[in-house]
Amino acid sequence: MVKLFDTHAHLDASQYDEDRDEMIARAKEAGVELIVNIGFDRQTIPTTMALAEKYDWIYAAVGWHPVESIHMQEGDLEWIESLCSHPKVVAIGEIGLDYHWDTSPKDIQHQVFRKQIRLAKKVNKPIIIHNRDAHQDIVRILQEEGAEEVGGIMHCFSGSWETAKQCLDMNFYISFGGPITFKNARVPKEVLKNVPLDRLLIETDCPYLTPHPYRGKRNESAYVSLVAESAAQIKEISLEELATITMQNGKKCFRIM
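Residues numbered from 1 in each chain as written. Predicted model: local features only at pLDDT ≥ 70, side-chain atom pairs only at ≥ 80, totals over all residues. Heavy atoms only, no water.

## A look at the overall build of the protein
Stage number 1. In terms of helices and strands, the protein carries nine helices and eight strands.
Stage number 2. Along the longest, intermediate and shortest principal axes, the C-alpha atoms of the protein span 45 × 40 × 35 Å.
Stage number 3. Considering only contacts within the protein whose residues lie at least 6 apart along the sequence, 72% involve residues at least 24 apart.
Stage number 4. Positive and negative charge centroids in the protein, built from 29 and 38 side chains respectively, lie 3 Å apart. (Helix = DSSP H or I, 4+ residues; strand = E, 2+ residues; numbered from the N terminus. Contact = heavy atoms within 4.5 Å. Lys, Arg positive; Asp, Glu negative; His and termini not counted. Charge placed at Lys NZ, Arg CZ, Asp CG, Glu CD.)

The structure is reproduced here in structure tokens:
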């Protein structure tokens, strides 16, 4: 069985309240050896930390989601900084910009994004980028803030190859999830085909973005195997090679020995 790394999950989501332990066990049975769970606000950061402390193969990223930017207070940034000394915290994220859900004004999103990039540089952690309909501003702010110093991951990438190239130039990995399994997902497939193997990652973003053939149902970490299969087909390599490369890349990015 191939060994897989789900680099972006929300295992603490309420969708799993009835069967969380069983769902995590299914991931292990499917060959998932490492997971990074994302804590992105005042509610999910503590639950993410609890999962990372309960399971030795689950790690944590902590940050403030752009949709929640308007609710961030100065003490929250200090809290995130204090957690970065925890041995299971491997990244700051997910952070970025979201112009789809109109919940936080753009100027506040920009401020919170910049503050967290600066924090990542201070504590020397990679960043995980959430980008929804904000490609130009994401790239501009990353460039202006010197984000290449820490690099990180463009999570569930949905932009063009031109945008991907700009991110690759800034020391970022490009990560793909369930959408690459969709028949009509022409752009993500084309971008994936062009991304160098040493900069490629896979993820689920579970419980969201469920891959085919479970699209429309609850996603779970075990389904990263379906993402891996599609990615291997698109890259025209074996599943074993794809799994090995993305495992190595994930460990290198998050500095997991």
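Here the narrative resumes, following the displayed structure.
## Concerning the nonpolar core
Stage number 1. Formed by 69 residues in total, the largest nonpolar core has its most connected members in Ile127 and Leu142.
Stage number 2. The element best represented in this core is helix H8 (residues 224-235), accounting for six residues. (Core = buried A, V, L, I, M, F, W, Y, C linked by side-chain atoms within 4.5 Å. Buried < 20%, exposed > 50% of the residue type's maximum accessible area, 1.4 Å probe, protein only.)

## Let's talk about the side chain of Gln116
Stage number 1. Along the polypeptide, Gln116 turns up in helix H4 (residues 106-123).
Stage number 2. In this structure the side chain of Gln116 is engaged in a polar contact, spanning 2.7 Å, whose partner is the backbone nitrogen of Trp64.
Stage number 3. If near-sequence neighbours (up to four positions away) are discounted, Gln116 is found in contact with Gly63, Trp64, Leu77, Ile80, Ile92 and Ile95. (Polar contact = N/O pair within 3.5 Å; in protein donor to acceptor, adjacent residues only side chain to side chain.)

## Remarks on the pairing of strand E7 (residues 172-176)
Stage number 1. Of all the five residues making up E7, five are buried; the element is thus mostly covered by neighbouring parts of the structure.
Stage number 2. With burial as the criterion, each face of E7 is covered, one bearing Phe172, Ile174 and Phe176 and the other bearing Tyr173 and Ser175.
Stage number 3. With three bridges joining them, strand E6 (residues 152-154) and E7 adopt parallel strand pairing. Bridge pairing in E7 links Ile153 to Tyr173.
Stage number 4. A crossover connection joins E6 to the parallel E7 through helix H6 (residues 161-169); in handedness this β-α-β unit is right-handed.
Stage number 5. Summarising the sheet, E7 and strand E8 (residues 200-202) pair through three bridges and their orientation is parallel. Of the residues in E8, the one forming a bridge with Ser175 is Leu201. (Pairing = 2+ DSSP bridges. Right-handed = clockwise from strand over helix to strand, strands pointing away.)

## What about the sheet that holds E8?
Stage number 1. Taken together, the eight strands give an open sheet; going across it, the order is E1-E2-E3-E4-E5-E6-E7-E8, and neighbouring strands pair in parallel fashion. Lying at the two open borders of the sheet, with one neighbouring strand each, are strand E1 (4-9) and E8. Neighbour-to-neighbour, the strand axes of the sheet open up by a mean angle of 30°, direction not taken into account. (Axes fitted to C-alpha atoms, helices over the stretch in contact; angles between N-to-C directions.)

## Let's talk about the pairing of strand E3 (residues 58-62)
Two faces belong to every sheet, and in a regular strand the side chains alternate between them.
Stage number 1. Counting buried positions along E3 yields five of five residues, so the element is predominantly enclosed.
Stage number 2. When strand E2 (residues 32-39) meets E3, the two strands line up parallel, connected through five bridges. Bridge pairing in E3 places Ile38 opposite Ala61.
Stage number 3. As for the winding sense of the linkage, the β-α-β connection from E2 through helix H2 (residues 44-54) to E3 is right-handed.
Stage number 4. Looking at chain direction, E3 and strand E4 (residues 89-98) are connected through three bridges and run parallel. The partner of Ala60 across the bridge, within E4, is Val89.

## What to know about the pattern of salt bridges
Stage number 1. Throughout the structure, instances matching the rule amount to 18 salt bridges.
Stage number 2. Residue Lys54 pairs with Asp21 through a salt bridge whose shortest N-O separation is 3.2 Å. Taken together, the residues span a long stretch of sequence, with Lys54 in helix H2 and Asp21 in helix H1 (residues 20-29) at a distance of 33 residues.
Stage number 3. Lys54 gets classed as exposed once you look at its relative accessible area, which sits at 54%.
Stage number 4. Between Glu220 and Arg26 there is a salt bridge, with the nearest N and O atoms lying 2.8 Å from each other. Residue Glu220 is found in the loop between E8 and H8, and its partner Arg26 is found in helix H1; the two are separated by 194 residues along the sequence.
Stage number 5. Shared partners join several salt bridges into a network, and the residues in it are Arg114, Arg118, Asp137, Arg140, Glu144 and Glu145. (Salt bridge = Lys/Arg side-chain N within 4 Å of Asp/Glu carboxyl O.)

Note that all results are geometric; they support no functional claim without further evidence.
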